[in-house]
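# Working through the structure, step by step
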Amino acid sequence: MSSLVSDEIGVSTLKLRAGLDVDLAGQPKQEISAGAAISEVGVMGSDFPDIRPKLCVAVGDKVRTGDTLFVDRKRNQIAFTAPATGTIASISRGRRRTLETLTISVEEENPKEFPISDGKLTPESVRSLLQASGLWVAFLTRPFGRIPDPAAVPHAIFVTAINTDPLSADAAVVMAPQHNNFVQGLEALKTLTKGPVFVCQQSGAQFAQTDEQIKTAFFDGPHPAGLASTHIHHLMPASERRTVWHIDFSDVIAIGHLFGKGQLLTERIVSIAGSGVRHPRLIRTRLGAQLNQLLDRETTVGSRVISGSALSGRVATHLGRYDTQVAVFDSTRSAKKPTFWSRALSLLPNGSVGPTIPSEALDAALPFDILATPLMRALSVGDIETAIHLGCLELIEEDVALLSYLCPSRADYGMLLRHILDEIAGEQE
């Protein structure tokens, strides 16, 4: 399954054999260029499914980058802030008044200034600034994949500085011009835990120097070698008694910029790639960019656009809060070759989900000490007790995306997993 080598104190190398690199057409050129002009950004409620928002703005209000748009009703210390300066253009709601999308018409940049200290960073000052600026929401917990409570202290923090998703950006290319901000961001992270801060990266990269808290881990192998749950499983597994956090390196860069300049960095380097993109490459854009504008004159006719990974992303109107790629597929071509079983199952009424069909490919898809086929069966029937026993608390939706890709039943195991995780978390509240 894997082998772990400790090269020196604070440095580990893991060679993973399980997994699968999905070869898709339209690989991005690993060079950064300017993206299209963005006149609208959006914040989507679907990015924060466990949050009940309390709005602080109304349509027509003027906001600056960093101003609070809404807070969590249960934990109102956690602010969700504007990714651009402009006017609130629309606020759309769904069932039970849930927030669907809040959009801002972008105007000349005028960022909010956050007070920063020249003195030593303290846990209290770091937490306060991250929560007020909106960067607290960059952290997600394991178990459950939720935004952490304001006063919570994790056993460890994992920084994901590697991406093995198909069509993704090379972290080293994105990191190069922002390395100083990344290092400063790590210093802020160290105040939030008494445990280690793991910087997980591709072999050959060197993004951080080790010390008493900063630990580096190099991962080699096929996807999902670049996912946070893979790193957590092999270095410090999460459980109901041990909570860890993870954060993408682009948000660590933003944290470093915040503590250095007192302003939010809303720029993002995003991969636009896939069979439906004319010139697949990395582009510089901003958080929440409207996707039609982002892809203006970039795609072929009849393309299908996904915010996020080609495996675990979703159709959306705006760039997702945690997404660093936009996958675009020519709708006349299939991203996944149909198998005999998938063709047969497509004839079932209403797209019915068929049975889980065991195969060696499924069992080899997860680089965890988890039995894939039994887990898939437990998720399919909603067997919470068995799913916990099989290790579901270590996973979130993106971790089972390969199972959905490979399984001829066409089941969305990410959605099934999320249902079970929410059930378990609800019982603990």
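Residues numbered from 1 in each chain as written. Predicted model: local features only at pLDDT ≥ 70, side-chain atom pairs only at ≥ 80, totals over all residues. Heavy atoms only, no water.

### Comments concerning the sheet that holds strand β8 (residues 79–81)
Reading across from one edge, β5-β7-β8 is the order of the three strands in this open sheet, with antiparallel pairing throughout. The outermost strands of the open sheet, each flanked by one partner alone, are β5 (53–55) and β8. In this sheet, neighbouring strand axes are inclined to one another by 30 degrees on average, regardless of whether the strands run parallel or antiparallel. Where strand β7 (residues 68–72) and β8 come together, three bridges link them in antiparallel fashion. Its bridge partner lying in β8, Val71 is registered against Ala79. (Pairing = 2+ DSSP bridges. Helix = DSSP H or I, 4+ residues; strand = E, 2+ residues; numbered from the N terminus. Axes fitted to C-alpha atoms, helices over the stretch in contact; angles between N-to-C directions.)

### What about the side chain of Asp47?
Looking at the element boundaries, Asp47 is found in the loop between β4 (40–44) and β5. By relative accessible area, which is 13% here, Asp47 ends up buried. At 2.5 Å, the side chain of Asp47 forms a polar contact with the side chain of Arg314. Only 2.9 Å separates the side chain of Asp47 from the backbone nitrogen of Arg321, close enough to count as a polar contact. (Buried < 20%, exposed > 50% of the residue type's maximum accessible area, 1.4 Å probe, protein only. Polar contact = N/O pair within 3.5 Å; in protein donor to acceptor, adjacent residues only side chain to side chain.)

### Considerations on the sheet that holds β4
An order of β4-β10-β9-β6 is seen for the four strands of this open sheet, with the pairing classed as antiparallel. For this open sheet the edge positions go to β4 and β6 (62–63), each flanked by a neighbour on one side alone. The pairing of strand β9 (residues 86–93) with strand β10 (residues 99–106) spans seven bridges and is classified as antiparallel. In the sheet register, Ile88 faces β10, and the bridge partner there is Ile104.

### Considerations on the pairing of strand β14 (residues 214–220)
Where burial is concerned, most of β14 is hidden: six out of the seven residues are buried. As paired strands, strand β2 (residues 11–16) and β14 are joined by five bridges and run parallel to one another. The partner of Leu14 across the bridge, within β14, is Phe219. Here strand β13 (residues 197–202) pairs with β14 via six bridges, running parallel. Each residue of the ladder has a partner; that of Cys200, found in β14, is Ala217.

### Some words on the nonpolar core
Counting 70 residues, the largest nonpolar core has Leu69, Leu130, Phe139, Phe182, Leu186 and Leu189 as its most contacted members. Not counting the four nearest positions on each side in its chain, Leu69 is found in contact with Val43, Leu55, Cys56, Val57, Val63, Phe80, Thr81, Ala82, Pro83, Ile88, Leu102 and Ile104. By size, the runner-up hydrophobic cluster in this structure holds 37 residues, among which are Phe329, Ala365, Ala372 and Leu403. (Core = buried A, V, L, I, M, F, W, Y, C linked by side-chain atoms within 4.5 Å. Contact = heavy atoms within 4.5 Å.)

### Things to note about the side chain of Gln325
Looking at the secondary structure, you find Gln325 in strand β19 (residues 325–330). Residue classification places Gln325 among the buried positions, given a relative accessible area of 3%.

### Considering the pattern of salt bridges
Tallying each qualifying case throughout the model produces 20 salt bridges. Taking the shortest distance from any N to any O, the salt bridge between Asp72 and Arg75 comes out at 2.9 Å. Classification of Asp72 by relative accessible area gives buried; the value is 2%. Arg75 sits in the buried class, given a relative accessible area of 13%. Salt bridges linked by common partners bring Asp50, Asp72, Arg75 and Asp149 together as one network. (Salt bridge = Lys/Arg side-chain N within 4 Å of Asp/Glu carboxyl O.)

### Observations concerning the packing of aromatic side chains
A complete count under the given rule lists seven aromatic pairs for this structure. Note on Phe48 and Phe80: the rings are 4.8 Å apart at their centroids and 65 degrees apart in plane angle, and the pair reads as edge-to-face. In this pair, Phe48 sits in the loop between β4 and β5 while Phe80 sits in strand β8, placing the two residues 32 residues apart along the sequence. The class of Phe80 is buried, set by a relative accessible area of 3%. Arranged with centres 6.2 Å apart and planes meeting at 75 degrees, the rings of Phe48 and Tyr322 form a pair that is edge-to-face. You can see Phe48 sitting in the loop between β4 and β5 and its partner Tyr322 sitting in the loop between β18 (303–307) and β19, a full 274 residues away along the chain. Phe48 sits in the buried class, given a relative accessible area of 6%. Since its relative accessible area comes to 28%, Tyr322 is described here as partly exposed. (Phe/Tyr/Trp six-rings, centres within 6.5 Å; stacked < 30°, edge-to-face > 60°.)

### Regarding a positive patch on the surface
Taken together, the side chains of Arg52, Lys54, Arg73 and Lys74 present a region of like positive charge at the surface. In this structure, Arg52 sits in the loop between β4 and β5. (Patch = residues over 30% accessible without salt bridge, like charges linked within 9 Å, V, L, I, M, F, W, Y side chains within 5 Å. Areas by Shrake-Rupley, 256 points an atom, 1.4 Å probe, with all protein chains shown as cover. Lys, Arg positive; Asp, Glu negative; His and termini not counted. Charge placed at Lys NZ, Arg CZ, Asp CG, Glu CD.)

### Quick look at the pairing of β10
Taken residue by residue, a regular strand's side chains alternate between the two faces of the sheet. In this structure, β4 lies alongside β10, joined through five bridges in antiparallel fashion. By the bridge assignment, Glu40 is partnered in β10 with Ser105. Where β9 folds back onto β10 in an antiparallel hairpin, the turn is made up of five residues, including Arg96, whose phi is positive at roughly 55 degrees.

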